[in-house]
Every structure is written in C-alpha cells, then in structure tokens.
Amino acid sequence: MADGGNYYNEHDDRVEPQFRNRKGRGSHKGRSYDRSRRDRQRGSHAGGFGGAGPRSRLEDTDADVTMSDSSQDNSALQRFNPYGKSSRKGGDGRFDRDRRQGKGGGGGRGGGGGFRGGDRGGGCNSGGGRSRSGWFKVTIPHGRKYDKKWLLPALQNICSIPYTPVQYHVEHNRAHFYVDDTSAASALHKCSHKITDTDGYKVEVHINPSAPPSFLLADLKPEHLDVLRQCMAKRFDGSQQALDLNNIRTDPDLVTQSIEVILNRKTNMEAVIKIIAENIPELTSLNLSNNRIHKLDELTDLVTKAANLKTLNLSHNELKSDRELDKVKGLKLVELWLNRNPLCDLFKDQASYISAVRQRFPRLLKLDGHDLPPPIGFDVETPTIIPPCKGSCFGTDEIKVLILRFLPQYYSIYDSGDRQPLLDAYHDGASFSLTTPYTTQNPSRSSLGEYHKDTRNLKRIKDSTVRFRLLKHTRLNVVAFLNELPKTQHDIASFNVDVNTFTNTLLSFTVSGVFKEVAVDGKSRESTMAFSRVFVTVPAGNSGLCVVNDQLFIRMATTEEIRRAFVAPAPTPSSSPVPTLTAPQQEMLTAFSQKSCMNLEWSQKCLQDNEWDFNRAAQVFTRLKTDGKIPQVAFLK
C-alpha cells in the first residue's frame, strides 16, 4: 500500500496503520484542524446537502484524516471528477447550523462531532489514546487469510487479560473486532508480532480508540418500524416499482414523531431492507441519495431480496472507494448514480471511472444520468462455484501402471538419506528448475526461505543470465542440486496425478501432494508444505521411465491439506535389504496378500505393524480401506 510516497509490504513492520495513531499531533497539523473547524463554523462552504467532503473525513471513525494546510496550492493533486462537478468542499447552511446547535446530524450525540460522534479525533488527541466511548477497535492487517477459529484463540492464549471480542468481521483484506476495556486493549496491543502464522510471518495487532460498534446504537422500536413502513409506502411508486428514500431522515412523517432513520447505521439500513423484502420484493428502482452512506455492507442482501432491481441511486453520499461496489456487484443493474461521492475524485479521467464501475456491473447502460456505449460480451452467467477437485487422471491403464510403478521408486530414494541413486532416473541431458510463489516480502521470514534463493520464478527473475544459471542442466548437476535440498518425507497417499500428454515416445505428467522436512535428528518440522511437480519422461528399458525435464513448485500447504496430511500409513524408506522371513511368516504373507489384494510389500508392512497377528492386521486393513486411507500404490502388483 502507498502512503505519502512510501510503500509498505504486507508484513512489513512499518505498516501504515501504526502511523495513523499519531494523526492530529504536532503544531502544524493542529493548526490545520483548527482552521478547518473554523471554516465550517463560519458556514463559508458552498454546495448541496450531503456534499461535505471535510466533514466526511473527520467523522468517519475508520478513515484517514486529511490535515494538509489549506493555504497550500493543491491544484496539481486534483483528480478527475466525472462531468465536471467539483464543488464538494462543504455542506449547506442548514446542516452547518444544526452542527453548531449540537444536533450534529445524528440526534445530538456528542455535540458538534456529527452523528458518528467524532470519537476518534477526541480519543486520539486527549488522554494518551483513551477512547471516550470506552471502546477500542482491534485491526489485524491482512487478517482475511486467517481462519477466525485459529486467530481468536491464538490471541486469547497469549493475551495477559481475558477479553470478549465483539462483532468480528472482515473488511477488504483486514480483520476487525471490538473490545470495551482499556486494559484489554493495552494487553492486545502487546500481542503484536507475538504469533507466527503458517507462512512464517508475524501477526500484527493494531489498536485504535473507536465509537461503539454500530449494532449497539439504538434500534428502531416496533412502533417506529410501523411509522417507517407507512413512510416508505408513501414514497413508493407502484406504477414504476420505484422507491424514493432520498434524504429520508428529514421526512416530515418521521421528524414530527422524533423518529431518526439514519441509513448509515447498520440496524436502520437492515430495517429498510427487511421492509423491502417483505412488502416490495419486485422493486426495480431504489433511490438512496443524500443519506450519508459510507459503506454498502447491508445492501448486499438486495442481491437476493430485490433480485429485479435495475436502477440504484447512491449519489450525494460518502462512499470513499470503488471497492464498496464489490459488495453489490451481484445486482444486475442497468442504471447507477454515484456522482457527488468522494470515490468519484479518485479517477484520473472519465474513461477509467466508467471502466471501474462497469467491471462490477457489465450490463450497465447509464451512469450518473449519462448514456454509456452498449456493453460488449456474451450473455452467459459467470459460475460462482468452483467445481470440486477430481482424483488422478491417467488416461489409460498402461500409463497408470507405468506412473504408479515409477513414483514409489522415485520418492523412496528421494526421501532416503542419499539421493545419489536418482542418477539412474534422469537422462544425460536432463533439466531441472525450482519455483516458489512470487512475493515481495522478506523471504528469510518465511518457511520457504531455504528454497527461495534457488527459485526460478519468472515474475521475480528478470535477468536472462540469472534465469539460465538457475536452470540445472545434465543429470549430474540435477542430482547434485537435489542432494542439497532439505531432507524430506512425502505423503504418498496425498499424491494426485494428472497426465498432460503422452505418445509412443514421450509421457508428461504432473504429481502434486504434501511433504514435510526431516531434520538431521529425525524429527519433522512443524510446517507442512505442498508441491506440484511436472515430469517429462521418455521410455527406458522394457517398462521404465527416464526423466528429461523436471519442474518442481513448492508452496505452504493449506489448512485442509495439513489436516489430511500423513493420515494413511506409508512405507518407511530404507536402503537396507528386506529381512528374511520364516516359513510361517512367508505363508501368512502370501495368504494376507491374496485376501487383501495388496501387494507383498504393503501386506508385509501391515503384518509387521500388527506383530504378525493375522486377525488384528485384517481388522486394521478393513477399517483403513473403509475410510479410504490406503493409497492406490498398495494394490499395484
């Protein structure tokens, strides 16, 4: 992310939210804030209702506060505002008068801070970061990738003070929740960089004073809901299936009964959506302009509860990013209004503005009242569910036999202490390359760091000379490099094979699965890794394969892959000869192999693991086979 020309990586300690805690400090920034406040109190800004740009920045508890000196010339930094309407720097006189009188646009909460209370500004600039509301917002940068069931217990385990996380949710790439205790917030702040995730990165924890969670704000009472329903009925045009909720908080039917309907409150918007779903689900046009809406989370339900909606007016609100549109992109809109929102200032020209909106709504024909060129595309719905992964695909039984004979032999040597015998598996002119996922982070902080120095990821390596050097040529160089890689143990039962192409003289296939590294003392590392390997082979001997090209891709395993890894028993690689069996053991082995249909190697392992107790071995075999935990290679004879 960028901030003032500085770029911060995903797990960089210099992340931008830590600097946000310091907003409002220092003489320069203090003067800017005071000047901005004086300007608003004088009522000097001109413009329509709901267009108060400075207000929206100062009152949003989650947003950055712009504190640049108003005397500076910012003309060079102006972004394109579609259709030339750029006077968004203030509110109308009535709104300013309300704020001076303590109404604040939100029923008088918190005096002159507006409906959201200005809690962030006061909390950060007084009391050393204390929150006037007693609430703190906990933010985990890039928390989307963490499972809630893992993250919250991990924090609880190392936090010195017990706490109750309130309203856990994910926004964009971050995870958030609230706590209402100062000591708990302080203890959580000390947990930052104390937890290591499965990728080897430290989990950051940021704490900010906050207004209370939105769901704690006063809900509409049942009698108020009846009045709201009647108010909406008056605003509904049945002939057009259109509902006009423009500036609904000032509706006389609500104001005369002292009912506040503020649509940037979660509970209020949910009440409106519920009324729409229960009474007018066939709605085709909805006007939500002039309601100070800054997030579209609650509008997500319109995708299913008002599926016929074709026109949506969100103009004159406080949407700051076009990413908010992702929350309603399931709507099949043909007309959309977004003008007089801060997000309109973010685009360099009209073309990029239209393109960004149309990416979300490809059927859109009209934007902000202007006709758009007809969309180019196919009237085919994009599938929303990825098909389930299928098992191995070999093509033919002959190919299957070749591969299932090759893989156990190859990996039994690869996982042994000495990989030198793999020389017999490679062609004299063989090539090998290793790749890890592209990342801008410090590789030494990842569990893949040991592989990163040799990765030939073409997105990272631009120099053709370096690319050539990282490509290992000839079987001697290939096997010498393989010997330098960490010792491993592969889970053969996790292998999935896909044949890419085969002819009479060539066979290319991909094998994927999981493995873990084995230390010198024989103990496995905690992290489980996943791999995908493409072998290009040619026939060798009567029924063997010889590798001419080997491409290995290594990444961290997913949570599901880790859960399923190393469940089925696998033969332990060994270079020692098979021990001689007694006559009774040989007879038992033959009988067990015939009844189980497993080959002699796996039958012997099963009997040995059960101390040559035929009945117990049979019971274990039956249970494992029923659970699907015995790999295919066990039945290859």
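Just so you know, the residues in each chain are numbered from 1, in the order the chain's sequence is written. Residue-level local features of this predicted model are given only where pLDDT is at least 70; pairs of side-chain atoms are given and counted only at 80 or more, and the full residue set underlies all totals for whole chains, interfaces and linings. In computing side-chain values, all of the structure's heavy atoms are included and hydrogens and water are not.

Caption draft 1: Expanded view of the sheet that holds strand β3 (residues 135–140). Sheet architecture is open: four strands sit in the order β4-β5-β3-β6, paired in antiparallel fashion. Two strands in the sheet have a free side with no partner beyond their single neighbour: β4 (166–171) and β6 (206–210). On average, each strand axis in the sheet is inclined to that of its neighbour by 25 degrees, with strand direction left out of account. Strands qualify as paired when DSSP identifies two bridges or more between them. Strands are runs of DSSP state E lasting at least 2 residues, helices are runs of H or I lasting at least 4, and numbering of each runs from the N terminus. With five bridges joining them, β3 and strand β5 (residues 174–179) adopt antiparallel strand pairing. Pairing of K137 across the sheet is with Y178, part of β5. A contact between two residues is defined here by any heavy atoms of the two lying within 4.5 Å. Inter-axis angles, ranging from 0 to 180 degrees, are taken between N-to-C directions of lines fitted to C-alpha atoms, where helices are fitted over the stretch in contact. Each of β3, β4 and β5 touches helix α6 (residues 148–158); the most contacted strand, β4, lies at about 125 degrees to it.

Caption draft 2: Quick look at the nonpolar core. Take the buried Ala, Val, Leu, Ile, Met, Phe, Trp, Tyr and Cys residues and link them wherever side-chain atoms come within 4.5 Å; each set so joined is a nonpolar core. Only protein chains enter the calculation, and the probe is 1.4 Å; a residue is then buried if its accessible area is under 20% of its type maximum, exposed if over 50%, and partly exposed in between. Counting 53 residues, the largest nonpolar core has L407, Y410, Y426, F509 and F535 as the members making the most contacts within it. Beyond its immediate sequence surroundings of up to four residues, Y426 is in contact with Y410, R475, V478, V479, L482, R533, F535, C546, V547 and D550. In terms of nonpolar packing, the next biggest core, distinct from the first, is built from 48 residues, L309, L312, L314 and L367 among them.

Caption draft 3: Main features of unusual backbone geometry. The phi angle at H172 is positive, at roughly 55 degrees, despite the residue not being glycine. Tracing the chain through its elements places H172 in the loop between β4 and β5. Here H172 falls in the partly exposed class, since its relative accessible area comes to 30%.

Caption draft 4: Representation of the pattern of salt bridges within the structure. Salt bridges are defined by distance alone: a side-chain nitrogen of Lys or Arg within 4 Å of a carboxyl oxygen of Asp or Glu. Scanning the model with the defined rule gives 19 salt bridges in all. Here E298 ties to K266 by a salt bridge, and the two come within 3.6 Å at their closest N and O atoms. Placement of E298 in the loop between β9 (285–287) and α11 (302–305) and of K266 in helix α10 (residues 266–279) is noted, with a sequence separation of 32 residues between them. Residue class for E298 comes out buried when judged on its relative accessible area of 17%. D297 is the partner of K327 in a salt bridge, and the nearest nitrogen-oxygen pair spans 3.0 Å. Residue K327 is found in the loop between β10 (311–313) and β11 (335–337), and its partner D297 is found in the loop between β9 and α11; the two are separated by 30 residues along the sequence.

Caption draft 5: Layout of the packing of aromatic side chains. Only Phe, Tyr and Trp rings are paired, with Trp represented by its six-membered ring, and only when their centres lie within 6.5 Å; those with planes under 30 degrees apart are stacked, over 60 edge-to-face, the remainder tilted. For the structure shown, the criterion picks out 20 aromatic pairs. The structure contains a cluster of three or more aromatic residues connected by ring pairs, namely F406, Y410, Y411, Y414, Y426, F495, F509, F515, F531 and F535. We count a charge as sitting over a ring when the NZ of a lysine or the CZ of an arginine lies within 6 Å of the ring centre and within 35 degrees of the ring normal. Positioned above the aromatic ring of Y414, the side-chain terminus of R419 is 4.0 Å from the ring centre. Its end group placed over the ring of F566, K516 keeps NZ or CZ at 4.4 Å from the ring centre.

Caption draft 6: Fine view of the sheet that holds β11. Reading across the sheet, the seven strands line up as β7-β8-β9-β10-β11-β12-β13 and stay open at both edges, with mixed pairing between neighbours. Two strands close off the open sheet at either side, each with one partner strand: β7 (236–237) and β13 (370–371).

Caption draft 7: Fine view of the pairing of strand β18 (residues 507–518). Counting buried positions along β18 gives ten out of twelve residues, so the element sits mostly inside the fold. In this sheet, β18 lies alongside strand β16 (residues 488–490) in antiparallel orientation, the contact comprising three bridges. Paired with H490 across the bridge in β18 is F515. For strand β17 (residues 496–502) and β18, the ladder comprises six bridges, and the chain directions are antiparallel.

Caption draft 8: Local environment of the side chain of D251. Mapped onto the secondary structure, D251 falls in the loop between β8 (242–244) and α9 (252–255). In the analysis that follows, any N or O atom pair within 3.5 Å is treated as a polar contact, provided that within protein one partner can donate a hydrogen and the other can accept it, and provided that, for residues neighboring in sequence, both atoms belong to side chains. Of the polar contacts made by the side chain of D251, one reaches the backbone nitrogen of D253; its length is 2.9 Å. Not counting residues up to four positions away in its chain, the partners in contact with D251 are C231 and R235.

Caption draft 9: Expanded view of the environment of A356. Inspection of the secondary structure puts A356 in helix α12 (residues 350–360). Through-space distance from the C-alpha of A356 to that of D322 is 7.5 Å; in sequence the pair is 34 residues apart. Beyond its immediate stretch of four places on either side in the chain, A356 contacts D322 and F347.

Caption draft 10: The arrangement of the packing of helix α8 (residues 222–234) against α10 in detail. The N-to-C vectors of α8 and α10 enclose an angle of 60 degrees; their axes lie 11 Å apart at closest approach. Taken together, the axes of α8 and α10 are oblique relative to one another. In this structure, α8 crosses over α10, and the sense of that crossing is right-handed. Packed against α8, whose contacting residues are L225, L228, R229 and M232, the element α10 presents A271, V272, I275, I276 and N279 at the interface. Broken down by class, the residue content of the contact of α8 with α10 amounts to seven nonpolar, one polar and one charged. Oblique is the label for every angle not falling under 35 degrees (roughly parallel), over 145 degrees (roughly antiparallel), or within 65 to 115 degrees (roughly perpendicular). By definition, any crossing whose near helix is turned counterclockwise from its far helix by less than a right angle is left-handed, and any crossing with a clockwise turn is right-handed. Ten residue types, Ala, Val, Leu, Ile, Met, Phe, Trp, Tyr, Cys and Pro, are classed as nonpolar, four, Asp, Glu, Lys and Arg, as charged, and the remainder, Gly among them, as polar.

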